[in-house]
Structure formats: structure tokens, C-alpha cells
Amino acid sequence: MTDANAFPDFVWSVGEEGSDPWVMRDGERYRQDQFAQTGHYGQMETDLADIAGLGVDVVRYGTPWRLAEPEPGVYNWSLWDRSLEACEAAGLEPIVEFVHFGLPDHYPGFVDGTWVDGLIRYVEAFLERYPTPRWFTPINEPGITARLSALFGIWNDMEASPEAFAQAAANIALANLEAIDRIRTDRNGWWIGSEGFDIPVAITPDADAEIESRRAIGWLIWDLHFGVDPLPAAERYLESLDATQLDRIRSLAVSDQLVAGLDIYPISVMNVGGDRPEWSVDELVELSIAEIERWHDRYGQPFWIAETSNLTLPLDQQIPWLDTLTAGLARMRGDGRPARGLCWYSRGDQFDWQTALIEPVGAVTEVGLFDNDRRARPVAARFADHAASATLLG
């Protein structure tokens, strides 16, 4: 029987950047709000129409949870109402996000697990109100959220310890899996994932152990979601966790009705053990493809590039990056790898991502298909060409 909610064989998509973590500015906590900085709140309808104008019909989109639930259990659906109406008017089907690096103000952070039940209630309320969405990314980049909030100490909780990281990762995995379970029970919906994808590259032979450690930490979030034993270098992170919570995570592990999201940028390719070489776009993509294949050999799940752009490359490299990555995906599909799509992230330019948002000075991050004045860049036309080429990826 055909699954009416199944994700298409291959999707061209665009995302709207909506990150909203807490960071520090001048010694005080400061809420990043990419929707505010880009002017998206005021131009939502035209922004979504611009995405549709590229010939795509799938958008990665979520409104900030903190605005939908300004007080515990009190929901304000006005922004969701407006955004979903705008998607429908533009002919876009959303991949719905609930959490994009930030929590409502009434939760202290990701390490304290009180927010997990809150997210479950929020998801249930959303599903009751909106019967049509089929595809969901309940939590964007779960592993990145845990690492930057509780291992590197630069967002939200601003903790930096193995124990805090492990607890945040477990809470986030549990919350994501609980949300997926509710979505499947309610409407047999699909999990369309999004996760930062590290590509560690040894510059010297003695970097192998560090490579394995980085890979194990980066893939721990997938292990939790798929019910796979962690790689040896990550086993220690589970030792401090409550056994009951781990059992619940394992009981919810998923293996179908999903497309794993691998978020790959030029900066995702990381030099280990030496200075960063002057890698060409071709070399960066080849290194990325090799790591994707290694990931797929381990997990065997379908995947898509849930985020990509020229981040850290100049604007004149936008089209080469897009073309080369597209060719790499085509080659993988030809080899039988289940590559299911590519999402340019994002529609417009972003702010302060040169420093992972931790220096909130309003510096423009030039990665958009459209610039901050909403003028299409040459890469927008090239992206539209790819989206129109139904035979490009076979």
C-alpha cells in the first residue's frame, strides 16, 4: 500500500533561518532572533512567495516555540496561523520545526529536563489544531544544540562538561523521539531530520584517535535515535545517564518513515592535527561524500542534505558549491545510496553565523539565495534550474 505521507524520492527545498538561542552580549544573556534580524516577521508572505518562485514546493519552516507558548501551557497560535496560511497561498508544503536552538523563557535550558514534557504538550496541541502537515523536524540539529549548549558552553545553558552534554543530548533525543511518536500516532507523519554533520579530516597520521573521538561524539545523537550502540569513544557519555531514561529512548528508536538530515557546509570539513589546507570546492565535496558514505554504511538510512550553502566561502563560490554538491549527490544515487534531497539554507542572508551567533553584532552572513534586501543572487537562478531539471538526479 502506498504511504500518502511518504517523502518524495528527491526534493529540492529552501529553508527560512529562525535560530533563537540565548547567547552572551556585554556580560548579559541575549536572545538571538534571526526572524527579527532578517525582517521575516514583517515580510513572511513575500519571503515564502520568493521561495515558491524558485520552482520548489517544499520549505523547511518553524516559528519560535517561545512565541507560541509565552507562558506555560498558554498558546498563541497567531504566528503559526499566519505562516501556514502563507505557505498554502504560495503552494509550499512545510517541513514543520518546533525547536531551532531555543526554548521558551520559562525553561532554564536543555540540561534541566523539565522542558521535555512541555514540548510533548506543545506538539500535541499543534497536531490538534493543524491536521494537514505531514513532515516534521521536531528539533533542529539535536546534537549541535546539545554540544553548543552543554559541551562548548556558548549557548543557552552555557555549561561545558561531559556530564552536562550527555544529559542535554539524552533530553533532546528523548524529546525528539517522543514528538515523533506523537506525530506517527496522530497522522502517520514522517520525521525529516536535520543534524550538523562534522567531516573530520586527518592532516597528520597521529590525528586518527582525535578523528575517531570527534566522529563518535557527532554520531552519538544518531545512535540514540536509531537504537545503535555508540562508537567506543562515545560510550563514556552514557555512563552518567539514568537507566530509565535510556530505556525509554531505546524503546522509541526509529528505523522507518524517516529521512535523516545531514547539514553540510564548506566549514563542515574540519582539519584535525594540522593547519587547514586550501581545499578546493571539488576537494571539499569529495571529502563530504566520503563521510556521508561512511555514515550510511553504519546506519543504512535514507538521507538528504537538510542544510547547505557557501558558509565560509565567498559569494562567487555559491554556484560552484551548489553544482559540485549536486553532482556528488547524483553520483551517490547512481551508486545506490538513498540521497533524497537538497535544501539550500537559507532563503536570505543570516546574521552573526561567522561566530556561531556568539558575537551578536549584526554582522551579515552572506549565504542566501537572496540578499538582505531580498534581491535574488545568481545562485537563485541556478538553484531554480536544478529544481526544474527533473531528470538531473535520475
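Residues numbered from 1 in each chain as written. Predicted model: local features only at pLDDT ≥ 70, side-chain atom pairs only at ≥ 80, totals over all residues. Heavy atoms only, no water.

A.B. asks: Would you mind going over helix α2 (residues 40-52) with me for this structure?
C.D. replies: Its 13 residues give α2 an end-to-end C-alpha distance of only 16 Å, which falls more than 12% under 18 Å, the value for a rise of 1.5 Å per residue. At Thr 46, α2 shows its maximal kink, close to 40°. When we look at burial in α2, the residues that qualify are His 40, Met 44, Asp 47, Leu 48 and Ile 51. Looking at the buried side of α2, the elements it contacts are β1 (11-15), α1 (34-38), β4 (58-62) and α4 (78-90). (Helix = DSSP H or I, 4+ residues; strand = E, 2+ residues; numbered from the N terminus. Expected span 1.5 Å × (residues − 1). Bend = angle between axes of the 7 residues up to and from the residue. Buried < 20%, exposed > 50% of the residue type's maximum accessible area, 1.4 Å probe, protein only. Contact = heavy atoms within 4.5 Å.)

A.B. asks: Would you explain unusual backbone geometry in this entry?
C.D. replies: Glycine aside, a negative phi is what most residues show, and trans is what most peptide bonds show. Omega for the peptide link from Tyr 345 to Ser 346 comes to 20°, which places this bond in the cis form. With respect to the element layout, Ser 346 can be found in the loop between β13 (339-345) and β14 (350-351). Phi at Thr 312 takes a positive value of approximately 80°, unusual for a residue other than glycine. Looking at where Thr 312 falls in the secondary structure, it is placed in the loop between β12 (303-308) and α11 (318-334). The phi torsion at Arg 374 lies on the positive side, around 65°, for a residue other than glycine.

A.B. asks: Would you take a moment to explain the side chain of Asp 198 for this structure?
C.D. replies: Structurally, the position occupied by Asp 198 is in the loop between β8 (195-196) and β9 (199-202). For Asp 198, a relative accessible area of 15% gives the class buried. Only 2.6 Å separates the side chain of Asp 198 from the side chain of Arg 147, close enough to count as a polar contact. Contacts of Asp 198, omitting those with residues within four sequence positions, involve Arg 147, Ser 268, Met 270 and Glu 291. (Polar contact = N/O pair within 3.5 Å; in protein donor to acceptor, adjacent residues only side chain to side chain.)

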